[in-house]
Amino acid sequence: MKNYNDELLKEFEEKSQTLYKQLKSVGPILKASVSRRNYTCGKMNCRCTKGYLHTDLIITRKIDGKTQTTKVPKSQESEIIDRVNNWKEMKTILRKITNTQIKMLRIANVKKAI
Ligand SMILES: [Zn+2]
């Protein structure tokens, strides 16, 4: 009978390979948060004075504890949202890779103890 831990190790090994492939296939990334900011422009007869506010897509990120905010041009909104989503996907894959690695280390520790 084959060692159960060896089987598990092999399984995690394969899982790691799959995750690294997924990591390589992630598109361009942007490590930031996206949100919408509504505002009035100040022009007297603008629709925004009647409650139809203007809206901007903004990205924020922390630099040395301070939040940096950047407005995204309308023409680049979908591209920027895609990039931020790619970053989230990458983060998920990185977490899975780390989890797999930790599990493999724990199995290796058990094997040594036997
Ligand atoms: Zn306005």
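Note that the coordinates shown come from a computational prediction; the quantities given were computed from them, not determined experimentally.

*Asks:* Can you lay out helix 1 (residues 4–25) for me, pointing to particular residues and giving the numbers?
*Replies:* Residues lying three or four places apart along an α-helix face the same way, a consequence of the helix completing one turn every 3.6 residues. In this model, helix 1 (22 residues) spans 32 Å end to end at C-alpha, consistent with the 32 Å of a helix rising 1.5 Å per residue. Along helix 1, only 1 of the 22 residues are buried, which leaves the element largely exposed.

*Asks:* Give me the sheet that holds strand 1 (residues 33–39): which residues, what numbers.
*Replies:* In spatial order, the strands read 1-2-3; together these 3 strands make up an open sheet with antiparallel pairing. The sheet is open, and its two borders are formed by strand 1 and strand 3 (66–72), each paired with just one other strand. Averaged over all pairs of adjacent strands, the angle between strand axes in this sheet comes to 40°, irrespective of strand direction. Across 7 bridges, strand 2 (residues 54–63) lies against strand 3 in antiparallel orientation.

*Asks:* Tell me about the pairing of strand 3, and please be specific about residues and values.
*Replies:* Among the 7 residues that make up strand 3, 0 are buried, leaving the element largely open to the surroundings. Hairpin connection from strand 2 to strand 3: 2 residues lie between these consecutive antiparallel strands, with aspartate 64 at a positive phi of about 50°.

*Asks:* Which residues make up the pairing of strand 1, and what are the values?
*Replies:* Buried residues are scarce in strand 1, accounting for 0 of its 7 residues. Examined bridge by bridge, strand 1 and strand 2 share 7 bridges and lie antiparallel to one another. Following the sheet pairing, asparagine 38 is matched in strand 2 by threonine 55.

What counts as what
- Residues numbered from 1 in each chain as written.
- Predicted model: local features only at pLDDT ≥ 70, side-chain atom pairs only at ≥ 80, totals over all residues.
- Helix = DSSP H or I, 4+ residues; strand = E, 2+ residues; numbered from the N terminus.
- Expected span 1.5 Å × (residues − 1).
- Buried ≥ 20, exposed ≤ 12 C-beta atoms within 10 Å, placed from the backbone.
- Pairing = 2+ DSSP bridges.
- Axes fitted to C-alpha atoms, helices over the stretch in contact; angles between N-to-C directions.

Honestly, that's just the spatial picture; any functional story needs more than this.
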